[in-house]
Amino acid sequence: MKNGKLRKQIGAIATWVLTFILMVIICVPGLWVVLTAFRPNGEVLAKPPVWIPENPSLNNFAKIFGFGADQVAIPVPAYFANSLIIALTSTAIALLIGMSGGYAFARYRFRFKNGLFLGLMLSRTVPGIALSLPIFMIWSRIGLIDAKLGLIIVYVALNVPFTIWLIDGFFRQIPKEMSEAAQVDGCTRWQAFWKIEFPLAKSGIASAGIFAFLTSWNEYALASNLTRSTDSKTLPVGLMDFTAQFTIDWAGMSAMAVIIIIPALILTFLVQKHLIAGLTFGGVKG
Amino acid sequence: MATKRPPFWQREKYTPFLLLLPAILTLLFVVLLPLLFSLYTSFTGYRLIRPESLWQWVGLRNYQRIFADGDFWTAFGRTIIFLTIALNLEFLFGLGIALLINKITWGQRTLRTIMMFPMMFSPILVGYQFKFVFNDNIGILNNALQSLGLSDGAIPWLVDKYLANFSIIFAEVWMSTSVFAILLLAGLFAMPRDPLEAAKVDGCNPWQVFRHITLPFLMPFVFIAMTIRSLDVARAYDIVDVMTGGGPAGRTELLWTLIARTGYDNARMGQANAMAYVSILLSIAFTYYFFTKLLAARKYMGGAE
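In this text, all values refer to a predicted model and were calculated from it rather than measured experimentally.

Reading the values: rules and limits
Residues numbered from 1 in each chain as written. Chains lettered and ligands numbered in written order. Predicted model: local features only at pLDDT ≥ 70, side-chain atom pairs only at ≥ 80, totals over all residues. Helix = DSSP H or I, 4+ residues; strand = E, 2+ residues; numbered from the N terminus. Rg over C-alpha atoms; globule rule 2.2 N^0.38 Å. Buried ≥ 20, exposed ≤ 12 C-beta atoms within 10 Å, placed from the backbone. Contact = placed C-beta atoms within 7 Å. Axes fitted to C-alpha atoms, helices over the stretch in contact; angles between N-to-C directions. Parallel < 35°, antiparallel > 145°, perpendicular 65-115°, else oblique. Left-handed = near helix turned anticlockwise from the far one by under 90°. Nonpolar A, V, L, I, M, F, W, Y, C, P; charged D, E, K, R; others polar. Domains from an automatic or database assignment. Expected span 1.5 Å × (residues − 1). Bend = angle between axes of the 7 residues up to and from the residue. Core = buried A, V, L, I, M, F, W, Y, C linked by C-beta atoms within 7 Å. pLDDT = per-residue confidence, 0-100.

## Looking at the overall build of chain A
Then, in step 1: Counting secondary structure elements, chain A contains 12 helices and zero strands.
Then, in step 2: N-terminal to C-terminal, the α/β element order of chain A is α-α-α-α-α-α-α-α-α-α-α-α.
Then, in step 3: The C-alpha atoms of chain A give a radius of gyration of 24 Å, which is well past the 19 Å a tight globule of 286 residues would have.
Then, in step 4: Expressed as lengths along the three principal axes of its C-alpha atoms, the size of chain A is roughly 80 × 75 × 35 Å.
Then, in step 5: The burial tally for chain A puts 46% of its 286 residues in the buried class.
Then, in step 6: When contacts within chain A are restricted to residue pairs at least 6 apart in sequence, those whose partners lie at least 24 apart make up 76%.

Structure below.
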């Protein structure tokens, strides 16, 4: 009897120790980058290492945004604006296309349905770098290289399959009878969609939108090859500008990394519940 | 008098296709068309610096050349090994983490949120973060090892052949394990209690319960995670590009970094496209394999078609 109790206690302690180690592995690398963003570059190179910043400051952020005495030569504000414009526009378009497509998959039976669905998903398997080669060749012929529009079009296509998958799942959860009842009462199918199905699936659609936004915000393989200058370079591509210099400005680079992660962090917290629900629902009950 | 048929776009039969038209057109223009062009280019001697070479048909020469190329096979083999190790580790760690967090009652929600942390990082940031962690001179890992007195020299994490490959796999596993952990945790939550109770009453030990009840129930979730992962395995390109750039001296070269080097740095587009096709087929094979597994597992579960 006593033995069992002891074993249970050891089990509980082991669980907590494992969890602690896990959390350290997950958190420390990111925390280190965040800490570095607040310290001068000299401290990064110091031996013996300085663990906690001695004089934390916002200098690195001021520097990359072009305020203050010393500035970096990397136009971070322009990259930030590009990232925002490209991600927002492509998300909006992908959502419209995804809603229309998701509705079709959720509400209609038609020929080639499974084939089409599989085709959509397979288009997503093409590695970004492999797809970048022909797009680079075509875009350079029609003048879309180093243009925001060029990247927006690519990101819409990148996001459409997954958006359709998620939205399809959310529409399916709404009973068909509800919109049928509205149609009996005199609504057209179009009105029934906007009055019944859209409001019910709204939060799901929003999370699909956030997912699309994050994909565009974080994308690198295509952006790094389709952009050249401040006209269209996004933040992830801009981050690599730092490594092109002779000595890496670790502090500046870390500050930029923090700028990239903050929007992603906030948005992911907002949708984590929906995302898990959407993925498992779409997958298991398909 | 026969009623006039409505124009075809108003017929119910065509509505779904109309609704899907924008999606189909986008993917035709941005994915299918470029891939066909890419296929054509892979049979030409196209080099970026000589535009007229786009029309120079060379048949299978690009393919013959890459299949006879030792560097290509090394990168190909390394990619396969990289994926096999990474995906298996992600599955094992993900399963372990899911079971661990499922056990904890106090603070579970917070743990779950922290666990999602790596999913928010773009691959480029994961790469940068670990380039920083594994840096031999100023990296936190060497600093910590030296401060603890475990090592006195600077360990060349990103330079040594084995350590560099370990480092990129570590980064990849760090980034993607949470996909498995989260989906498997969702699976554990959805699990019915009755079979577990029944098994315990019948005298099964915890391992038997896990092996014969929990694990089979989780398999569809494993395959969803595998399918999702196989869609974006090529994200490893971003990580490796930042961390090592495929170097030093090609020691961490994966298929994807080799494609970028051949196509953009060496401007041999034709040859790069031939390699790209190999990488596309590889990705499709991975996805197809796990997707059929998913369908089979779903049938086994008696789920809806």
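## Section: the overall build of chain B
Then, in step 1: Across its full length, chain B holds 13 helices and zero strands.
Then, in step 2: Scanning chain B from its N terminus toward the C terminus, one meets helices and strands in the order α-α-α-α-α-α-α-α-α-α-α-α-α.
Then, in step 3: Principal-axis analysis of the C-alpha atoms gives chain B an extent of 90 × 75 × 30 Å.
Then, in step 4: Residues counted as buried form 44% of the 305 residues belonging to chain B.

## Re the environment of Gly204 of chain A
Residue and element names in this part refer to chain A.
Then, in step 1: For Gly204, the location among the structural elements is in helix H9 (residues 189-218).
Then, in step 2: Gly204 sits in the buried class, given 23 other C-beta atoms within 10 Å.
Then, in step 3: Each C-alpha atom of the pair Gly204 and Leu235 lies 28 Å from the other, and the pair is 31 residues apart in sequence.

## Description of the packing of helix H4 (residues 76-107) of chain A against H9 of chain A
Residues and elements named next belong to chain A.
Then, in step 1: Put simply, H4 and H9 touch, their axes get as near as 9 Å, and they point 140° apart. The orientation of H4 with respect to H9, classified from their angle, is oblique. Classified by chirality, the crossing of H9 by H4 is right-handed. The segment H4 lies against H9, with Ser83, Ile86, Ala87, Ser90, Thr91, Ala94, Leu95, Gly98, Met99 and Tyr103 engaging Phe193, Ile205, Ala208, Gly209, Ala212, Phe213, Ser216 and Trp217.
Then, in step 2: Each residue belonging to the contact of H4 with H9 can be placed in one class, and the counts come to 12 nonpolar, six polar and no charged.

## Side note on the interface of chain B and chain A
Often, the extent of an interface is quoted as the loss of accessible area on bringing the components together.
Then, in step 1: Taken together, the contact between chain B and chain A spans 69 residues of the former and 66 residues of the latter.
Then, in step 2: The element best represented in the side of chain B that touches chain A is helix H1 (residues 15-41) of chain B, accounting for 16 residues.
Then, in step 3: Partitioning the side of chain B that touches chain A into residue classes produces 51 nonpolar, 15 polar and three charged.

## Some points on the environment of Ala37 of chain A
Residue and element names in this part refer to chain A.
Then, in step 1: Structurally, the position occupied by Ala37 is in helix H1 (residues 2-37).
Then, in step 2: A count of 24 C-beta atoms within 10 Å places Ala37 in the buried class.
Then, in step 3: Residues Ala37 and Leu58, spaced 21 residues apart in sequence, show a C-alpha to C-alpha distance of 8.0 Å.
Then, in step 4: Those residues within four positions of Ala37 in sequence are excluded, and the remaining contacts are Asn60, Ala251, Ser254, Ala255 and Val258.

## Structural notes on unusual backbone geometry
Then, in step 1: One non-glycine residue, Asp146 of chain A, adopts positive backbone phi at about 55°.
Then, in step 2: By the element assignment, Asp146 of chain A lies in the loop between helix H6 (128-141) and helix H7 (148-172).

## Here's the deal with the domain arrangement of chain A
Residues and elements named next belong to chain A.
Then, in step 1: Taken domain by domain, chain A comprises domain 1 (2-58) and domain 2 (76-284).
Then, in step 2: The C-alpha-based centres of domain 1 and domain 2 are spaced at 34 Å.
Then, in step 3: Between domain 1 and domain 2, the contact holds eight residues from the first and seven residues from the second.
Then, in step 4: Residue assignment for the side of domain 1 that touches domain 2 shows that the elements contributing at least two residues are H1 and helix H2 (41-45).
Then, in step 5: Among the elements that make up the side of domain 1 that touches domain 2, the one with the highest residue count is H1 (four residues).
Then, in step 6: Across the side of domain 1 that touches domain 2, the residue classes break down as five nonpolar, two polar and one charged.

## Overview of H9 of chain A
Then, in step 1: The terminal C-alpha atoms of H9 of chain A, which comprises 30 residues, lie only 37 Å apart, well short of the 44 Å expected from a rise of 1.5 Å per residue.
Then, in step 2: Lys202 of chain A marks where H9 of chain A bends most, by close to 60°.

## With respect to the nonpolar core
Then, in step 1: With 160 residues, the main nonpolar core has Ala257 of chain A together with Leu184 and Ile259 of chain B as its most contacted residues.
Then, in step 2: Considering every element that reaches this core, the biggest residue donor is H7 of chain A, with 16 residues.
Then, in step 3: The contact partners of Ile259 of chain B, leaving out residues within four places of it in the chain, are Ile129 and Ala130 of chain A together with Ala272, Met275, Ala276 and Ser279 of chain B.

## Looking at the confidence of the model for chain A
Then, in step 1: In the predicted model, chain A carries a mean pLDDT of 84, and the fraction of residues at 70 or more is 91%.
Then, in step 2: Looking at the elements of chain A, mean pLDDT is at its lowest for helix H12 (residues 250-284) of chain A, recorded as 75, and at its highest for H4 of chain A, recorded as 93.

## Things to note about the packing of helix H3 (residues 70-103) of chain B against helix H8 (residues 161-189) of chain B
Residues and elements named next belong to chain B.
Then, in step 1: In the contact formed by H3 and H8, the axes pass within 7 Å of each other and the chain directions differ by 45°. Taken together, the axes of H3 and H8 are oblique relative to one another. For the pair H3 and H8, the sense of crossing is right-handed.
Then, in step 2: Residues that form the contact of H3 with H8 fall into these classes: 17 nonpolar, four polar and two charged.

## Thoughts on the confidence of the model for chain B
Then, in step 1: Averaged over chain B, the pLDDT score is 85; the fraction of residues at 70 or greater is 95%.
Then, in step 2: Predicted complex metrics record ipTM = 0.83 and pTM = 0.86.

## Notes on the environment of Leu100 of chain B
Then, in step 1: Summarising the element assignment, Leu100 of chain B is placed in helix H3.
Then, in step 2: Remark: the alpha-carbon pair of Leu100 of chain B and Ala181 of chain B, spanning 81 residues in sequence, is separated by 9.9 Å.
Then, in step 3: Residue contacts for Leu100 of chain B: discarding those within four places in its chain leaves Thr15, Leu18 and Thr19 of chain A.

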